[in-house]
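Structural description and commentary
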Amino acid sequence: MAEPGLSLDHADGAATATITISNPAKRNAMTPDMWRQLPELLDQLAADPSVRALVLTGAGGTFCAGADIEALRGQPDPGAPAVVAEEALAAFPKPTIAAIRGFCVGGGCQLAAACDLRFAARGARFGVTPAKLGIVYPASSTRRLVGLVGPAAAKYLLFSAELIDGERALRTGLVDELLADGKLDARVAEFTGILAARSQLTQAAAKEFTAMALGASGAADPGRLAHWAEQARDSADRTEGVAAFLERRVPKFTWTVETAHTARPPRRGHPGNGSTDG
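First, a word on what this report is: a plain description of the structure on this page. One numbering rule holds for all chains: residues counted from 1, following each sequence as written. Whole-chain, interface and lining totals are the exception, using all residues; otherwise, since this is a predicted model, local features are given only for residues with pLDDT of at least 70 and side-chain atom pairs are given and counted only at 80 or more. Side-chain numbers here rest on the full set of heavy atoms in the structure, without hydrogens or water.

**Notes on the sheet that holds strand β5 (residues 103-105)**
- Strand pairing requires that DSSP identify at least two bridges connecting the strands. Strands here are runs of E lasting at least two residues and helices are runs of H or I lasting at least four, both read from the DSSP assignment and numbered beginning at the N terminus. If you walk across this open sheet you meet the three strands as β5-β7-β8, and the pairing is mixed. Lying at the two open borders of the sheet, with one neighbouring strand each, are β5 and β8 (164-165).
- Two elements, β5 and strand β7 (residues 125-127), share three bridges in a ladder whose sense is parallel. When the bridges of β7 are listed, cysteine 104 appears paired with phenylalanine 126.
- Any two residues having at least one pair of non-hydrogen atoms within 4.5 Å are treated as being in contact. Axis definition: a line fitted to C-alpha atoms, over the contacting stretch in the case of helices. Angles run 0 to 180 degrees between N-to-C directions. Its contacts with the sheet put helix α4 (residues 107-114) on β5 and β7, and the angle it makes with β5 is roughly 90°.

In structure tokens, the structure reads:
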């Protein structure tokens, strides 16, 4: 049996990278080491200018069944690594897609919600299950869930810990696209190709502005607004986009996160703000 871990698939120069969750003995449950490994991989990919989109998926027929509860026994703050990993994923500066098959439960749903988009196969099942374990779900994770599905659906998931199917997940906004069996990989590849062809400047600014809107205060950071105004003014993307449109050709956008000459905004999560679930 393969050892639990995260694997990275990124061909040299390819626009899309894929991180695969693998713990087949426990339906891809996340061990403490796996939670700690994810931010390291994300930092590596964020610094690679060839990467323009990231896919998070699970090995085999399951996305992730949550945290490995047995491995968390005896740890003083067992949810801390999960929150750090979740916030690192949410703060990743390029578009992220969760490609979901089978169970997406507990910490797995926590990770999927931290992605920008979620594409799922029809047989997928979703659940947020801390109420089965007597765990307080992290405040940041709850806020993110509410932003996706609204307060009533979030309470349904959190209060009951019941699993819902892909159709209901699509209706509530937890899933963005629901694909027929056998169509998920092709659609994810097609869509990441679309993302890679678009302006990374537009995507990065939109991602940060959306995060601001969903923050605890909902207020925009004037410093970051000024930063993006400067990036828009100095970038050649707008000139290229307009020229390509008028000339009826595919644009060649050049702005990248790595060449913006600025640090990414700090991750908002804090290890002590709650715990994960299985």
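**Section: the nonpolar core**
- Counting residues in each nonpolar core, the largest one holds 47 residues, and the members touching the most others are Ile19, Ile21, Phe63, Ile100 and Phe126.
- Counting only elements with at least two residues in this core, the list comes to β2 (16-22), α1 (32-46), β3 (53-58), α3 (80-91), β4 (96-100), α4, α5 (139-149) and α6 (151-160).
- Counting residues per element, this core draws most heavily on α1, which supplies seven residues.
- Grouping buried Ala, Val, Leu, Ile, Met, Phe, Trp, Tyr and Cys residues that are joined through side-chain atoms within 4.5 Å yields what is termed a nonpolar core. For each residue, the accessible area found with a 1.4 Å probe, counting protein chains only, is set against the maximum for its type, and the residue is called buried under 20%, exposed over 50%, and partly exposed in between. Among the nonpolar cores identified, the runner-up in size contains 11 residues, and Phe119, Leu184, Phe191 and Leu195 belong to it.

**Let's talk about the pairing of strand β6 (residues 117-121)**
- The element β6 is largely enclosed, with a buried count of four among its five residues.
- Pairing between β4 and β6: four bridges, direction parallel. Opposite alanine 99, over in β6, you have phenylalanine 119 as the bridge partner.
- Alignment of β6 against strand β9 (residues 177-179), held across three bridges, turns out to be parallel. Following the sheet pairing, phenylalanine 119 is matched in β9 by glutamate 177.

**A short note on the packing of aromatic side chains**
- Between the rings of Phe, Tyr and Trp (Trp by its six-membered ring), a pair exists once the centres lie within 6.5 Å; its type follows the angle of the planes, with under 30 degrees stacked, over 60 edge-to-face, and the other angles tilted. All chains considered together, the criterion is met by two aromatic pairs.
- Here tryptophan 228 and tryptophan 255 contribute two aromatic rings whose centre-to-centre distance is 5.8 Å and whose plane-to-plane angle is 50°, an arrangement assigned as tilted. Here tryptophan 228 is found in helix α10 (residues 222-234), whereas its partner tryptophan 255 is found in the segment after α11 (237-247), with 27 residues between them in sequence.
- A relative accessible area of 7% means that tryptophan 255 is categorised as buried.
- Just above the ring of phenylalanine 103 sits the side chain of arginine 27; from NZ or CZ to the centre is 4.6 Å.
- Positioned above the aromatic ring of tyrosine 156, the side-chain terminus of arginine 168 is 4.2 Å from the ring centre. A ring is scored as having a charge over it whenever the NZ atom of a lysine or the CZ atom of an arginine sits within 6 Å of its centre and within 35 degrees of its normal.

**Some thoughts on the packing of α1 against α3**
- Closest axis-to-axis distance for the α1/α3 pair is 8 Å, and the angle between their directions is 25°. Relative to α3, the element α1 is oriented roughly parallel. Where α1 crosses over α3, the two elements pack in a sense that is left-handed. Facing α1, whose interface residues are Trp35, Arg36, Leu38, Pro39 and Leu42, α3 presents Pro81, Ala82, Val84, Ala85, Ala88 and Leu89.
- Class assignment for the residues of the contact of α1 with α3 results in 10 nonpolar, no polar and one charged. Note on terminology: angles under 35 degrees are roughly parallel, angles over 145 are roughly antiparallel, angles of 65 to 115 are roughly perpendicular, and the others are oblique. Two helices crossing with the near one rotated counterclockwise from the far one by less than a right angle form a left-handed crossing, whereas a clockwise rotation gives a right-handed crossing. Under this grouping Gly is polar, as are all residues other than the nonpolar Ala, Val, Leu, Ile, Met, Phe, Trp, Tyr, Cys and Pro and the charged Asp, Glu, Lys and Arg.

**Considerations on the environment of asparagine 28**
- Turning to its location among the elements, asparagine 28 is positioned in the loop between β2 and α1.
- The class for asparagine 28 is buried, based on a relative accessible area of 2%.
- Ignoring anything within four residues of it in the chain, the contact list for asparagine 28 reads Ile21, Ser22, Asn23, Gly58, Ala59, Thr62, Phe63, Cys64, Ala65 and Gly66.
- A distance of 2.7 Å separates the side chain of asparagine 28 from the backbone oxygen of threonine 62, its partner in a polar contact. Two N or O atoms count as a polar contact when they lie within 3.5 Å, although within protein this holds only if one can serve as hydrogen donor and the other as acceptor, and sequence-adjacent residues are included solely when both atoms are side-chain atoms.

**Remarks on the sheet that holds β2**
- The six strands are arranged β1-β2-β3-β4-β6-β9 in an open sheet whose pairing can be described as mixed. Looking at which strands have only one partner, the edges of the open sheet turn out to be β1 (5-9) and β9. The sheet shows a mean angle of 20° between the axes of neighbouring strands, taken without regard to direction.
- Bridge count between β3 and β4: four bridges; the pairing is parallel. Looking at the pairing, threonine 57 lines up with alanine 99 of β4.

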